[in-house]
Amino acid sequence: MRTDDKTEGQPVNRPKIMVVDDDSDLRQALSLRLRANNFVTVNACDGYSAIAMAQKEKPHLIILDLGLPAGDGFAVLKNLRQYPSLAEIPVIVLTARDPETNEKRTLETGAVAFFQKPVDNEELLGVIRASLQAGWGWGGALPSNPS
Amino acid sequence: MGNAPAHVLLIEDNPGDADLVRLRLVEGKSEVHVNCVPRLSDALACLELETPSLVLLDLNLPDSHGADTFRQIMQKAPNVPVVILSGQDDEALAMKAVHLGVQDYLIKGEITSKHLERALRYAVERQGLLRSLETLRKQQLEFKNQFLSHVSHELRTPLTCIHQYVTLLLDGLAGPLLPDQLDYLKTVLKSVNQLHAMIRDLLEATRADSGKLRVEPRCIAIGELIQQAVAMMRPTAAEKRIGLEAVLDPSIPLVYADPDRALEVLINLIDNAIKFTPAEGSVTVKASMVETDPSAVYLSVSDSGRGIPAESLPQVFERLYQDPEAVDGNRAGLGLGLYIAKEIVALHGGRMWVASEAGSGSTFSFTLPFYSLAKLLLPVITHKGRLREGIVLVRVELTPLSKALRGSWKETCQKCLEILRKCIYLDKDLVLPPLETGNAEETFFVVASTDIGHVNIMVDRIRNQVGGLPKLKASGTLKVTVEAIPGPPAADSRTVEQQVWGVADCVTEIIQQGIASKQHLNKKEKHQNAHRR
């Protein structure tokens, strides 16, 4: 567990979540929601910067869109597995694509959960907390629900 | 106009008629190879070996008569044009055949070679056209599906954005709101949810149209599912001050249905009922058995709404049907909900219907097949009308290592089940439908027709193949145990069906004991078994 996380004035010692989506409005909304729930957030807008950002920031969890420029979500999932330091980060896929053709494939490529947009916020937060608790990325206590 | 048929299969039992037709065919200018057989069975055997360019068919053969003759031919070779050779007395039948897909008919005795050649040429041509139309239709359907799937994806992206920002505002994450602002935003959210539901329905209906709607039946306690649906819909009912209650016959057996889909149907019917019931009204969900039909559970959703006029009743399950009287606040939706619900029920082998009278409410009912172990076991544990010797029950238990993640553990169990199905002999072993327990631990059962001495081969295979699955190794443990099912006594006067009921009883009892705490198994079935003996 690291205790020296500092991201642009955000508080330290909290799980860090990377949001990967090419829609900047949605990135912003999700980040706001996550920060309101006491998570630290970083963003990436395409497949290439997702990997670069993950290497730099070492997030504890990744929320990943499938339809991305410069390497789609599947490529990102596969790429993450190439780096020992990133391979264990839980990835939650959040996409507009249909579950019938994508859910199984994303879970087989290593994601821990699949959500189709629009997602119920409480459900998403529940799975985020469960994934962090499962002990891959986050060894500390979880931030409590503010509400 | 295209080519004349090069290879004709002539099916005619009268040698005189056969020779005449053959002669007329050969008289024509084009090269033609004629293969003549006298019986339907010969013809079917010929079609097995090669595909002719045309079939010429007499309807009355030694081994087949009338409509059945061309039905069998067309079933065997759906792409080959068929022309019927008809006597003057059965022209009506020949005409009927044309309506059912035969290309043409010729009256024996009126056949000239020119006439014959032209008829056959046109038959081949029309069949080709028909085939390309069919291909085109399939392409268009495929295009429509792709188009809708694309549109749905593109619609979801902005919808997600609206949803996210509205919920941010509603949850006060952008500062406090005035009561009016809160109200207006709630209206926005409600509309967003409606739009979301419509996009979902659109895709579901497309899937139903193209036969891509799938159900994965499991063994489920329908009472619990109804309670779940009622709990989910209670807030919507409360908003309109409508009483919503479930009336459950305590003896309802387990049903064999897809839990997610069955829930979808229940939610849909309850939602509709609430929509068309005025404030202070009531909605009742019932599950019961019907004396006259021991194979299904009857479910119904009744409301105290204004009912459906008799003339509209036949249309309510049709696509895009909307209540013409819908008043404000009952925004109609796409009119696909009931259509999808009915399709889902049909995929389970059940039916759905409605009874209503204007002014006195409506009752939507549907059936789901009741889970009968004996019915599933019969073809597997019997052979040539006798019970197979030696039957064992293999129990495969999967336990997650930690409080595992919902999605991935469920997926792992599903994968294990797929592999498990490959570890057995399909004709004499059966992986029982998984039990819906709502627990993370998953237990699969295999009924195997083998004795306790030989079952070890299967157990080893399961341990190696299921246990070797990396996902399972990473997230859970596997336990395989075996139990013998006692065979029938030496002098057993029961019928084989009764013996199978006995085995089913025994298996049920073992499963029941094992997971008594998790699931109350089918007492009703046991009761019925006892009755049959």
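Source: prediction; values computed, not measured.

A. Representation of the overall build of chain A within the structure. Tallying secondary structure elements over chain A gives five helices and five strands in all. Along chain A, helices and strands appear, N-terminal first, in the series β-α-β-α-β-α-β-α-β-α. Counted over contacts in chain A with a minimum sequence separation of 6, partners at least 24 positions apart contribute 61%.

B. Representation of the overall build of chain B. For chain B, the helix and strand inventory stands at 15 helices and 18 strands. Counting over 533 residues, chain B shows a buried share of 45%. When contacts within chain B are restricted to residue pairs at least 6 apart in sequence, those whose partners lie at least 24 apart make up 73%. With the model as given, the accessible surface of chain B reaches about 27,500 Å², and the carbon-plus-sulfur share is 55%.

C. Molecular detail of the interface of chain B and chain A. Chain B puts 23 residues into the contact, and the matching count from chain A is 28 residues. Carbon and sulfur atoms make up 57% of the area that chain B and chain A hide from each other, which totals about 2,300 Å². Summed over the shared surface of chain B and chain A, the result is four salt bridges. The interface formed by chain B and chain A holds nine residue pairs in polar contact (both at pLDDT 80 or more) in total.

D. Structural view of the nonpolar core. Ranked by size, the top nonpolar core spans 49 residues in total, and within it B:Ile222, B:Ile270 and B:Phe366 carry the most contacts. Look past the residues within four positions of B:Phe366 in its chain and what remains in contact with it is B:Val265, B:Leu266, B:Leu269, B:Val297, B:Tyr298, B:Leu299, B:Val345, B:Arg351, B:Met352 and B:Trp353.

E. Up close: the pattern of salt bridges. For the structure shown, the criterion picks out 25 salt bridges over all chains. Of the charged contacts in the structure, one is a salt bridge between A:Asp21 and A:Lys117, with a shortest N-O distance of 2.8 Å. Remark: A:Lys117 occurs in the loop between β5 (113-116) and α5 (121-133) and A:Asp21 occurs in the loop between β1 (16-20) and α1 (24-36); sequence separation between them is 96 residues. A:Lys117 matches A:Asp21 in its accessibility class, with the two residues each being buried. Of the charged contacts, one joins B:Glu397 and B:Lys479 as a salt bridge, the two residues approaching to 4.0 Å between their closest N and O atoms. Of this pair, B:Glu397 sits in strand β15 (residues 391-400) while B:Lys479 is found in strand β18 (residues 476-485), placing the two residues 82 residues apart along the sequence.

F. Broad picture of the environment of B:Glu91. Residues and elements named next belong to chain B. Relative to the helices and strands, Glu-91 is located in helix α4 (residues 91-99). Sequence-wise, Glu-91 and Leu-106 are 15 residues apart; in three dimensions their C-alpha atoms are separated by 9.0 Å. Here Glu-91 is in contact with Ser-86, Tyr-105 and Ile-107, once residues within four sequence places are set aside.

G. A look at the sheet that holds β18(B). Residues and elements named next belong to chain B. Here four strands make up an open sheet; going across it, the order is β16-β17-β15-β18 and the pairing antiparallel. Here the strands that pair on one side only, and so sit at the sheet edges, are β16 (429-431) and β18. Here the strands of the sheet are splayed against their neighbours by 15 degrees on average, with no regard to which way each runs. Where β15 and strand β17 (residues 442-448) come together, seven bridges link them in antiparallel fashion. For Val-396, the partnering residue across the bridge sits in β17 and is Phe-444. The strands touched by helix α12 (residues 455-465) are β15, β16, β17 and β18; relative to β18, the strand with the most contacts, the crossing angle is about 165 degrees.

H. Structural view of helix α7 (residues 222-239) of chain B. Residues and elements named next belong to chain B. For α7, which comprises 18 residues, the first-to-last C-alpha distance of 26 Å matches the rise-based estimate of 26 Å (1.5 Å per residue) to within 8%. At Met-233, α7 shows its largest kink, close to 45 degrees, and the proline Pro-235 lies no more than four residues downstream. Residues of α7 that are buried: Ile-222, Gly-223, Leu-225, Ile-226, Ala-229, Val-230, Met-233 and Ala-237. Looking one or two residues past α7, Arg-241 carries a phi angle of roughly 55 degrees, positive in sign.

I. Quick look at the sheet that holds strand β10 (residues 293-303) of chain B. All names here are of chain B. With respect to topology, five strands assemble into an open sheet ordered β7-β9-β10-β12-β11, the strand pairing being mixed. Two strands lie at the open edges of the sheet, namely β7 (243-248) and β11 (352-356), each paired on one side alone. Neighbour-to-neighbour, the strand axes of the sheet open up by a mean angle of 15 degrees, direction not taken into account. For β7 and strand β9 (residues 282-290), the ladder comprises six bridges, and the chain directions are parallel. Along β9, the bridge assignment pairs Leu-244 with Val-283.

How each quantity is defined
What you see as residue numbers is a count from 1 along each chain, following the sequence as written. For this description, chains carry letters from A and ligands carry numbers from 1, given in the order in which they are written. pLDDT decides what is reported in this predicted model: residues at 70 or higher carry local features, side-chain atom pairs at 80 or more are listed and counted, and totals for whole chains, interfaces and linings draw on all residues regardless. Side-chain measures were taken over the full set of non-hydrogen atoms in the model, leaving aside hydrogen atoms and water. For helices the rule is a DSSP run of H or I covering at least 4 residues; for strands it is a run of E covering at least 2, with both sets numbered from the N terminus onward. Only heavy atoms matter for contacts: two residues are in contact if any of them lie within 4.5 Å across the pair. Burial status follows relative accessibility: with a 1.4 Å probe on protein chains alone, a residue under 20% of its type maximum counts as buried, one over 50% as exposed, and anything between as partly exposed. Only the protein chains shown count as cover for residues, and the accessible areas themselves come from Shrake-Rupley with a 1.4 Å probe. Buried area: the accessible surface (1.4 Å probe) lost by two parts on joining, summed over both. Throughout this description, the term salt bridge denotes a Lys or Arg side-chain nitrogen within 4 Å of a carboxyl oxygen of Asp or Glu. Counted as a polar contact is a pair of N or O atoms within 3.5 Å, where, for protein atoms, one must be capable of donating a hydrogen and the other of accepting one, and residues adjacent in sequence contribute only when both atoms are in side chains. Side-chain atoms within 4.5 Å are what join buried Ala, Val, Leu, Ile, Met, Phe, Trp, Tyr and Cys residues into a set we call a nonpolar core. Between any two strands, at least two bridges found by DSSP are needed for them to pair. Helix axes are fitted only over the stretch in contact, all axes being lines through C-alpha atoms; the angle between N-to-C directions runs from 0 to 180 degrees. Take the number of residues in a helix, subtract one, and multiply by 1.5 Å to get its expected span. Two axes are fitted around each residue, one to the seven residues ending there and one to the seven starting there, and the angle between them is reported as the bend at that residue.

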